[in-house]
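A look at the structure
Listed below, chain by chain, are the residues.
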Amino acid sequence: MSQKYKILGLLGDGIATEIIPEGLKVLEAVEEKCGFEIEIIGPYPVGAKYWIDHNMKQGWPEELTKKTFYEADAVFKGPTGLPDYVGRLPGPYTPINMRTELDLYANIRPCRLRPGVKSVLAGRRPGDIDFIILRENTEQMYVNIGGFMKRGGETELAIDNYVQTKKGVERIIKYGYKLARSGEYKGKSGAPLDGKRRLTCACKWGLTKGDDLFKDTYDKLAPENADIERDATWIDSWSYYALMRPGFYDVVVMPNQYGDIMSDMSGALQGSLGLAGSINAGDKHCFAEATHGSAPDIAGRGISNPTSMILSMGMMLNWLGDKRGDERLKEAWLRIDRAIDTVLANGNVRTPDLGGSNSTKQFGSSVAEAVKKE
Ligand code: NAD
């Protein structure tokens, strides 16, 4: 195969400019090692800072167009947004709203306690926590259907609509069963506690119509997925169980906003948000994006943990490998995953979020070196 894969890169705000170069280092190392070719388009600056620097008129360079997104084989993006500008940015920070326009309905967010890392939960060892939050990514609270009612210049009423559809719910639950079956993106297939492949459905059925549809669809799809153990929990209870018995979980599927919130919590379970990789995956497109935001509290100091971004890029390669039938890309993901474990287990190089004093760059270089040796 001599095809060159076109990967579109988008930078972002805050720590984005620190973690993306480290991800690129690792991509370069794995490209060389696994023998495929990547052409990076950009990476383009996007986001709140770009918008401020451009007289609050444009959030991205003009040469970055809708077409650029459609022509790319995959996309990676750093976190965007600065707290002072939330709600005042030019739409989705790019020429298109990637999650909805590219129909990236599956947000895959692994939570794994890796070697050499301490969870916030006492007494948990590497491998004791190893589940995936599968967040529906195009519906529910973030459909952006709603508005304000203003009287005399005062906002008196704000409405958000909570929308879930048969198509949206069915496809994410099917994806959940598929993920539980394949064991992809996990340290080990099945739940750590009992080894069972399990799909947990976490939502608030009985209280909201959309979540009734979510749970009913989960039940309806059970007979054709009888090889996967079932488990349904109200989302509020799940936030409790996830802390009390994280090892019981394998893949946990949930509607959009719940997944957004719970995956930050899962960052704590795995020792740092800086370890939380993720991809936004659809049937035709995928973009890699760390679970966390732009971390303005530590930005500019070169101490952020680039692992989340590196893992996200690796997961993106795995997605592309599936789509193109290219095993080299799938091997690249496994190599990156192992290299992260090696560097963390070794413990000589650590960023401050993990109790160390190394820089983002030092950590990224160590992973790139480990990728070459794997
Ligand atoms: P955040 O995720 O940026 O930070 C939360 C905490 O986690 C902070 O203490 C931060 O230092 C730490 N942290 C995050 N990433 C880290 C890393 N790689 N290494 C070490 N520590 C890390 O959340 P926030 O402060 O609520 O949000 C900041 C901005 O990011 C906001 O403007 C928000 O809208 C935006 N945001 C963007 C995305 C995205 O682009 N996908 C996601 C979430 C938040």
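Structure first, text after, so check above.
For clarity, every value in this text was computed on a predicted model and none was experimentally measured.

**Let's talk about the overall build of the protein chain**
Within the protein chain one finds 11 helices and 12 strands. For the protein chain, whose C-alpha radius of gyration is 20 Å, the value lies close to the compact-globule estimate of 21 Å for 374 residues. The principal-axis extent of the C-alpha atoms belonging to the protein chain is close to 55 × 50 × 45 Å. Put simply, the protein chain has 374 residues, and 53% of those count as buried. The long-range fraction of contacts in the protein chain, counting pairs at least 24 apart against all pairs at least 6 apart in sequence, stands at 76%. When the accessible surface of the protein chain is totalled, it reaches about 16,100 Å², and 51% of it is carbon and sulfur.

**A short note on the nonpolar core**
Membership of the largest hydrophobic core comes to 88 residues, with the highest contact counts inside it found for Ile 108, Ile 173, Trp 238, Ile 279 and Leu 317. Counting 15 residues, the second-largest nonpolar core is a separate cluster that includes Tyr 44, Leu 64, Val 75 and Leu 102.

**Looking at unusual backbone geometry**
Cis peptide bonds are those with omega within 30 degrees of zero, and the linkage from Gly 42 to Pro 43 qualifies with 0°. Note on placement: Pro 43 falls in strand E2 (residues 37-44). The phi torsion at Asn 55 lies on the positive side, around 55°, for a residue other than glycine. Relative to the helices and strands, Asn 55 resides in the loop between helix H2 (48-53) and helix H3 (66-71). Of note in this structure, Asn 144 is not a glycine but carries a positive phi near 60°. Note that Asn 144 resides in the loop between strand E5 (130-136) and strand E6 (146-151).

**Side note on the site of the ligand**
Not every one of the 21 residues close to the ligand is listed here, only the nearest: Thr 80, Gly 293, Ala 295, Asp 297 and Asn 305. Contacts to the ligand include Pro 83, whose backbone N or O atom sits 3.4 Å from an oxygen atom. Within the side chain of Glu 289, one N or O atom sits 2.9 Å away from a nitrogen atom of the ligand. Expressed as a share of its isolated accessible area of 810 Å², the protein-covered part of the ligand is 69%. Split by residue class, the shell around the ligand holds nine nonpolar, eight polar and four charged.

**A look at the side chain of Gln 164**
Relative to the helices and strands, Gln 164 resides in the loop between strand E7 (154-160) and helix H5 (166-182). Looking at Gln 164, its side chain comes within polar contact range of the main-chain oxygen of Gly 210, at 3.1 Å. Setting aside anything within four residues of it in sequence, one finds Gln 164 in contact with Glu 139, Gln 140, Val 169, Gly 210, Asp 211, Leu 213, Phe 214 and Pro 255.

**Some thoughts on helix H10 (residues 327-346)**
The terminal C-alpha atoms of H10, which comprises 20 residues, lie 28 Å apart, in line with the 28 Å expected from a rise of 1.5 Å per residue. Inspection of H10 places Leu 329, Lys 330, Ala 332, Trp 333, Arg 335, Ile 336, Asp 337, Ala 339, Ile 340, Val 343 and Leu 344 among the buried residues, and these make up the whole buried set. Along its buried surface, H10 packs onto strand E1 (4-10), helix H1 (16-34), strand E4 (106-112), helix H9 (307-324) and helix H11 (360-373). Phi for Gly 347, located one or two positions after H10, is positive at around 80°.

**Description of the packing of aromatic side chains**
How two aromatic rings sit relative to each other is given by the distance of their centres and the angle of their planes. Scanning the entire structure with this criterion turns up nine aromatic pairs. Ring centres 6.0 Å apart and planes at 5° place the aromatic pair Tyr 177 and Tyr 218 in the stacked group. With a gap of 41 residues between them, Tyr 177 in helix H5 and Tyr 218 in helix H6 (residues 209-220) connect regions that are remote in the sequence. Exposure class is identical for Tyr 177 and Tyr 218. Each is buried. The ring of Phe 148 is capped by Lys 150, whose NZ or CZ atom sits 5.6 Å from the centre of that ring. Over the face of the ring belonging to Trp 205 we find Lys 215, whose NZ or CZ atom lies 4.8 Å from the ring centre.

**Let's talk about the packing of H1 against H11**
Relative orientation of the contacting elements H1 and H11 amounts to 10°, with a least axis distance of 9 Å. In terms of their interaxial angle, H1 and H11 are classed as roughly parallel. Side by side, H1 and H11 meet where Glu 18, Ile 19, Glu 22, Lys 25, Val 26, Ala 29, Val 30 and Lys 33 of the first sit next to Thr 360, Lys 361, Gly 364, Ser 365, Val 367, Ala 368, Val 371 and Lys 372 of the second. Residue composition of the contact of H1 with H11, by class: seven nonpolar, three polar and six charged.

**What about H6?**
If you check H6, its first and last C-alpha atoms are 16 Å apart, about what 12 residues at 1.5 Å a residue would give, namely 16 Å. Taken together, the buried residues of H6 touch H5, strand E8 (198-203), strand E9 (229-234), strand E10 (251-254) and helix H8 (256-269).

**Structural notes on the sheet that holds strand E11 (residues 279-281)**
The strands that make up a sheet are held in pairs by hydrogen bonds between backbone atoms, and each pair lies either parallel or antiparallel. Taken in spatial order, the 10 strands of this open sheet run E2-E1-E3-E12-E11-E4-E5-E10-E8-E9, and their pairing is mixed. The open sheet has two edge strands with one neighbour each: E2 and E9. Neighbouring strand axes in the sheet, compared pairwise and without regard to direction, differ in orientation by 20° on average. Sheet topology places E8 next to E10; three bridges connect them, and they run parallel. Residue pairing in the sheet places Cys 201 in a bridge with Val 253 of E10. This element, H1, spans E1, E2 and strand E3 (74-77) of the sheet and lies at about 170° to E2. Seen against the sheet, H6 touches E8, E9 and E10 and runs at an angle of roughly 165° to E8.

Definitions and cut-offs
- Residues numbered from 1 in each chain as written.
- Predicted model: local features only at pLDDT ≥ 70, side-chain atom pairs only at ≥ 80, totals over all residues.
- Heavy atoms only, no water.
- Helix = DSSP H or I, 4+ residues; strand = E, 2+ residues; numbered from the N terminus.
- Rg over C-alpha atoms; globule rule 2.2 N^0.38 Å.
- Buried < 20%, exposed > 50% of the residue type's maximum accessible area, 1.4 Å probe, protein only.
- Contact = heavy atoms within 4.5 Å.
- Areas by Shrake-Rupley, 256 points an atom, 1.4 Å probe, with all protein chains shown as cover.
- Core = buried A, V, L, I, M, F, W, Y, C linked by side-chain atoms within 4.5 Å.
- Near = heavy atom within 4 Å.
- Polar contact = N/O pair within 3.5 Å; in protein donor to acceptor, adjacent residues only side chain to side chain.
- Nonpolar A, V, L, I, M, F, W, Y, C, P; charged D, E, K, R; others polar.
- Expected span 1.5 Å × (residues − 1).
- Phe/Tyr/Trp six-rings, centres within 6.5 Å; stacked < 30°, edge-to-face > 60°.
- Lys NZ or Arg CZ within 6 Å of the ring centre and 35° of its normal.
- Axes fitted to C-alpha atoms, helices over the stretch in contact; angles between N-to-C directions.
- Parallel < 35°, antiparallel > 145°, perpendicular 65-115°, else oblique.
- Pairing = 2+ DSSP bridges.

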